[in-house]
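Residue-level structure breakdown
What follows is each chain in one-letter form.
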Amino acid sequence: RLKPDISAKGSSVVSTTDVNDYTTKSGTSMSCPGVSGSFAQLYQAYKDINAGALPASGLIKAAVLNTAEDLGNPGPDFKYGWGRINNQRAFETLDKGYYLADQLNNGDTNTHSISVPANTKEVRIMLLWVDEEGSTSAAKALVNNLDLEVSDPTSSTYLPWVLDPTPNATALNSNAVRGVDTLNNVEQVTIDNPASGNYIIEVRGTLIPSGPQNYHIAYYFVENELRLTYPNGGDSWVPGEAEVIRWDAFGNTGNFTLEYTTNQGANWTTISNSISSSARQYSWSVPSAATGSVRMRITRGSVSDESDNNFSIIGVPENLQVDWACPDSIQLSWSPVAGATEYEASKLGMMYMDSA
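An account of the accompanying structure is given in this report. The structure presented is a predicted model; accordingly, all values stated were derived computationally and were not measured.

We now examine a nonpolar patch on the surface. A cluster of nonpolar side chains, Leu320, Val322, Ile330, Leu332, Trp334 and Tyr343, forms an exposed patch at the surface whose accessible area comes to about 570 Å². The topology assignment puts leucine 320 in the loop between strand E21 (311-313) and strand E22 (321-326).

The structure is reproduced here in structure tokens:
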């Protein structure tokens, strides 16, 4: 079977630690909570969009796997699975309704149609079903076998990506090829530079001894766009600290230019104009400043994106202390921060730290 399913940042991750501090750790103990937290956000997002209704687990998993950022070998592989989780794209799948669900019995065939818009750089279509429990002694773990095939407006057909599971290093590290998948309960078809128009998704119930089998289809349209994902506004950076600026982009052609402004776009300062086309992040030492009008901008060719809102650069209040505490009041004091125009004290409310 294709494992892992999904990957996430697990090396040098900043996390909380005892007592009231931060630390940097690495390992699956860091990547797994990142994936779990991302899934939790998607469950909450689906509830917000659908009047409190909970989603099917198969739908959330399909949305995540289908929109992952490809790493390692092209397409799925045995090192990164379907890639690194991209929760923004997974959320868009739910928010824009890029999914459908149905069921079929043994020997049945269902067809679905989706419309691919013009100027799409890649269309991704994934079939996923929560299979029946397999037997531990079975030669093949898969119980119900469904098959996916996609036809474009010219009736050209596309099969899903499959890997060679032969247990040797050469086979396991080989690139995925298109073919019929008889091992997995997840199948994906991708098409680069697809022509606009209606695409037919065909799902076959090739072998369903225990049916009917429910399934989910998630699809996504990758555009030739550039998105600055961090910072995006409302953030607070500290002079002299290192911040990792992140963005999302399609393809690996053309270097990136990264700029920032401290006066809401009146003037821009170049950080670098030669960032590699394959890079999606850049570590930067925050300059000395005290301003709430900072924005970041990333550019490649004619495509550009900047922070949606302003963020701040300013020092951190130090020497915080409780001067006195009474049953009905408390006094706090701290050293002044150069350039600060106001401070905000917060206290724990019913659920959140609320402004006092």
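So that's the structure; there's more coming.
Attention now moves to the nonpolar core. Ranked by internal contacts, the top residues of the largest apolar core, which has 25 residues, are Ile125, Leu127, Leu146, Val203, Tyr215 and Ile217. The set of elements that each furnish at least two residues to this core consists of strand E3 (99-104), strand E4 (109-116), strand E5 (120-128), strand E6 (145-151), strand E10 (186-192), strand E11 (197-207) and strand E12 (213-223). Top element by residues in this core is E12. It accounts for six residues. For isoleucine 125, the contacting residues outside a window of four places in its chain are Asn66, Ile114, Leu148, Val150, Glu187, Gln188, Val189, Ile201, Ile217, Ala218 and Tyr219. Among the nonpolar cores identified, the runner-up in size contains 22 residues, and Ala68, Met126, Leu128 and Ala176 belong to it.

This next bit is on the packing of helix H1 (residues 28-49) against helix H2 (residues 57-66). Interaxial distance between H1 and H2 falls to 11 Å at its minimum, and their mutual angle equals 120°. As far as their axial angle goes, H2 and H1 are oblique. As for how H1 packs across H2, the hand of that crossing is right-handed. Between H1, through Phe39, Leu42, Tyr43 and Tyr46, and H2, the contact on the second element is made entirely by Ser57, Leu59, Ile60, Lys61 and Val64. Here the residues of the contact of H1 with H2 sort into seven nonpolar, one polar and one charged.

Moving on, we get to the sheet that holds strand E15 (residues 242-249). Strand order in the open sheet formed by three strands is E13-E15-E18, with antiparallel pairing between adjacent strands. At either margin of the open sheet sits one strand with a lone partner, and together these are strand E13 (226-230) and strand E18 (281-285). Averaged over all pairs of adjacent strands, the angle between strand axes in this sheet comes to 30°, irrespective of strand direction. Here E13 pairs with E15 via four bridges, running antiparallel.

Attention now goes to empty space enclosed by the protein. A full pass over the atoms with the stated rule returns one cavity of 30 Å³ or more. What the largest cavity holds in volume is close to 50 Å³. Of all the secondary-structure elements, those providing two or more residues to the lining of the largest cavity are E12 and E15. In terms of residue count, E12 provides more of the lining of the largest cavity than any other element does, three residues in total.

As a further point, take the layout of surface pockets. In this structure, the largest pocket encloses a volume near 1,300 Å³. Lining of the largest pocket is provided by 30 residues; of these, Lys9, Arg84, Ile85, Thr229 and Arg246 occupy positions nearest its centre. Elements with a contribution of two residues or more to the lining of the largest pocket: strand E1 (13-17), H1, helix H3 (87-95), E13 and E15. Examining the composition of the lining of the largest pocket, we find that seven residues originate from one element, H1, more than from any other. Considered class by class, the residues forming the lining of the largest pocket number 13 nonpolar, 10 polar and seven charged.

Cut-offs and rules
Residues numbered from 1 in each chain as written. Predicted model: local features only at pLDDT ≥ 70, side-chain atom pairs only at ≥ 80, totals over all residues. Heavy atoms only, no water. Patch = residues over 30% accessible without salt bridge, like charges linked within 9 Å, V, L, I, M, F, W, Y side chains within 5 Å. Areas by Shrake-Rupley, 256 points an atom, 1.4 Å probe, with all protein chains shown as cover. Salt bridge = Lys/Arg side-chain N within 4 Å of Asp/Glu carboxyl O. Helix = DSSP H or I, 4+ residues; strand = E, 2+ residues; numbered from the N terminus. Core = buried A, V, L, I, M, F, W, Y, C linked by side-chain atoms within 4.5 Å. Buried < 20%, exposed > 50% of the residue type's maximum accessible area, 1.4 Å probe, protein only. Contact = heavy atoms within 4.5 Å. Axes fitted to C-alpha atoms, helices over the stretch in contact; angles between N-to-C directions. Parallel < 35°, antiparallel > 145°, perpendicular 65-115°, else oblique. Left-handed = near helix turned anticlockwise from the far one by under 90°. Nonpolar A, V, L, I, M, F, W, Y, C, P; charged D, E, K, R; others polar. Pairing = 2+ DSSP bridges. 1 Å grid on protein atoms, 1.4 Å probe; cavity = no way out; pocket = protein on both sides within 12 Å on 5 of 7 lines; lining within 4 Å. Points joined across faces, edges and corners; volume = space filled by probe spheres on them.

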